[in-house]
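Here's the letter readout for the chains.
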Amino acid sequence: MHLYTAAGSSEGSVLLIFHALACTPTGSDAPSNEQYFPTGESDVDTDADSDTDSDSDSDSDTDSDSDADSDADGDTDFDCTSLPTSLPYESREIDGSATAEDLDIDNDGFVIGSDRLNMYRSNAGGDLDMILPNVGNPQAIIVLPSDDIVFYSETGELERLDPDGERYVVTTGIYMPYGDATADGMVYGSSYQTHKFGNHIVRIDPFENEVEEILDWEDDYPWGITFNEDYTALYVSPIQGFDGFIKGPTRIWKVNLDGDGYVDGDPELFVEFTGETSWTEGLAVDVCGNVYASLGKKIARISKDGKTIDEIWVDDSDFVGRAISGLAFGRKGKGGTDPLKLYASNPYGKYAIEIDVGVPGKSGW
């Protein structure tokens, strides 16, 4: 295990070689909103509440003898035998939203994403507020319980944006495409350590600027990453190269964690997709332990035991390339996202897609 603290920005230049990894050229079509900081603006997006009651009765008919502990807000049992069975699920594009390589849902239910140039938050109706200009095509976007946002930008820096709009460099010298956070604000990410030319799973304290390598990844490149439903394990989806294609079958691995949050044993193969050679990027987990994975032009749901795979969403457009990258479940709040819906990022259209999966995401905070 290695420990690194924040370094100066001079190391960021070594990451420029990754600009073509999962991105398109930065455009100039960004909405011209003024910058918005999450605190101190009580009158922003006052119309976002108009649709926030769409899930007000979503839990009223759930079973009290559920085998899941709680929904995304930790207040209601959910019957894991009642998932909708009609596939693929209904979905809609959120016109006006801005999401590219990744997205997350903040603690007020807003979608956090980017247009590859600036970072925005949008409500379920697609109304935008700029959070941060000139971000540089953020890859991983992770909202913390404190309302801070951790993101990796193509300037080669992992950064933290606090609720007052202050921007801090956590570390440089790593490429981190995806990440997830615990209730105490620790970030776990997939990482390519450019200064060492090694692949790792990292554990990050974004307030103390500490990055620990907790697992050396021996094969391929670790990419998508998320916690399981009770935060005792990580799911990791590797890719095999940086050209957008993979030659072998797509796989997801499970990495068990001990009580202190460190790796316990070797990674276990969770699922292998027969005939699939798509990038497995965005990962998400629902309260029942099912795993959701973006597979280029579709999203698959894998049962907790890894034995059942359902295609819950398929892109039916003529677009050639990835239609989906980042995934996140909705949260209750003024932003109007629905805890019973999954939100997905279109990396080239740069908008979010709302998918009616009928189950909340894993409990967070």
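In what follows, the structure referred to is the one given above.
Notes on the structure in this doc start here. (Residues numbered from 1 in each chain as written. Predicted model: local features only at pLDDT ≥ 70, side-chain atom pairs only at ≥ 80, totals over all residues. Heavy atoms only, no water.)

## As for the sheet that holds strand 23 (residues 309–314)
As a general point, the strands of a sheet are linked pairwise by backbone hydrogen bonds and lie either parallel or antiparallel.
Then, in step 1: Pairing in this open sheet of four strands is antiparallel, and the strands run 20-21-22-23 from one edge to the other. Edge strands, defined here as strands with exactly one partner in the open sheet, are strand 20 (280–285) and strand 23. Neighbour-to-neighbour, the strand axes of the sheet open up by a mean angle of 25°, direction not taken into account.
Then, in step 2: As judged from the four bridges shared by strand 21 (residues 291–295) and strand 22 (residues 298–302), these two strands associate in the antiparallel manner. What sits directly across from Ser294, in strand 22, is Ile299. (Pairing = 2+ DSSP bridges. Helix = DSSP H or I, 4+ residues; strand = E, 2+ residues; numbered from the N terminus. Axes fitted to C-alpha atoms, helices over the stretch in contact; angles between N-to-C directions.)

## Some details on the environment of Glu154
Then, in step 1: Mapped onto the elements, Glu154 comes out in the loop between strand 8 (149–153) and strand 9 (157–161).
Then, in step 2: Judged by its relative accessible area of 13%, Glu154 falls in the buried class.
Then, in step 3: As for Glu154 and Tyr175, which are separated by 21 residues in sequence, their C-alpha atoms are 8.6 Å apart.
Then, in step 4: Polar contacts involving the side chain of Glu154 include one to the side chain of Asn137, which spans 3.4 Å. (Buried < 20%, exposed > 50% of the residue type's maximum accessible area, 1.4 Å probe, protein only. Polar contact = N/O pair within 3.5 Å; in protein donor to acceptor, adjacent residues only side chain to side chain.)

## Details of the pattern of salt bridges
It is possible for side chains of opposite charge to pair when their charged atoms get near one another.
Then, in step 1: Evaluation of the coordinates by the stated rule reveals 15 salt bridges.
Then, in step 2: Glu101 is the salt-bridge partner of Arg116, the closest N and O atoms lying 2.9 Å from each other. Placement of the pair is Arg116 in the loop between strand 4 (111–114) and strand 5 (119–122) and Glu101 in the loop between strand 2 (91–94) and strand 3 (104–105), with a sequence separation of 15 residues.
Then, in step 3: With relative accessibility at 2%, the residue Glu101 sits in the buried group.
Then, in step 4: Note that Glu101 and Arg322 form a salt bridge whose closest N and O atoms lie 3.2 Å from each other. Of the two residues, Glu101 is situated in the loop between strand 2 and strand 3 and Arg322 in the loop between strand 23 and strand 24 (327–329); the sequence distance between them amounts to 221 residues. Each member of the pair, Glu101 together with Arg322, is buried. (Salt bridge = Lys/Arg side-chain N within 4 Å of Asp/Glu carboxyl O.)

## Points about the pairing of strand 8
Then, in step 1: The buried fraction of strand 8 amounts to five of the five residues, a majority that puts the element mostly inside the structure.
Then, in step 2: Covered by surrounding structure in strand 8 are Ile149, Phe151 and Ser153 together with Val150 and Tyr152, the residues of both alternating faces.
Then, in step 3: Joining the antiparallel neighbours strand 7 (residues 141–143) and strand 8 is a turn of five residues, in which Asp147 adopts a positive phi near 80°.
Then, in step 4: Two elements, strand 8 and strand 9, share five bridges in a ladder whose sense is antiparallel. Within strand 9, the position partnered with Val150 by the bridge is Arg160.
Then, in step 5: Once strand 8 ends, the chain turns through three residues before running back antiparallel as strand 9, passing Gly156 with a positive phi of about 90°.

Take it as geometry only, folks, not as evidence of what the structure does.
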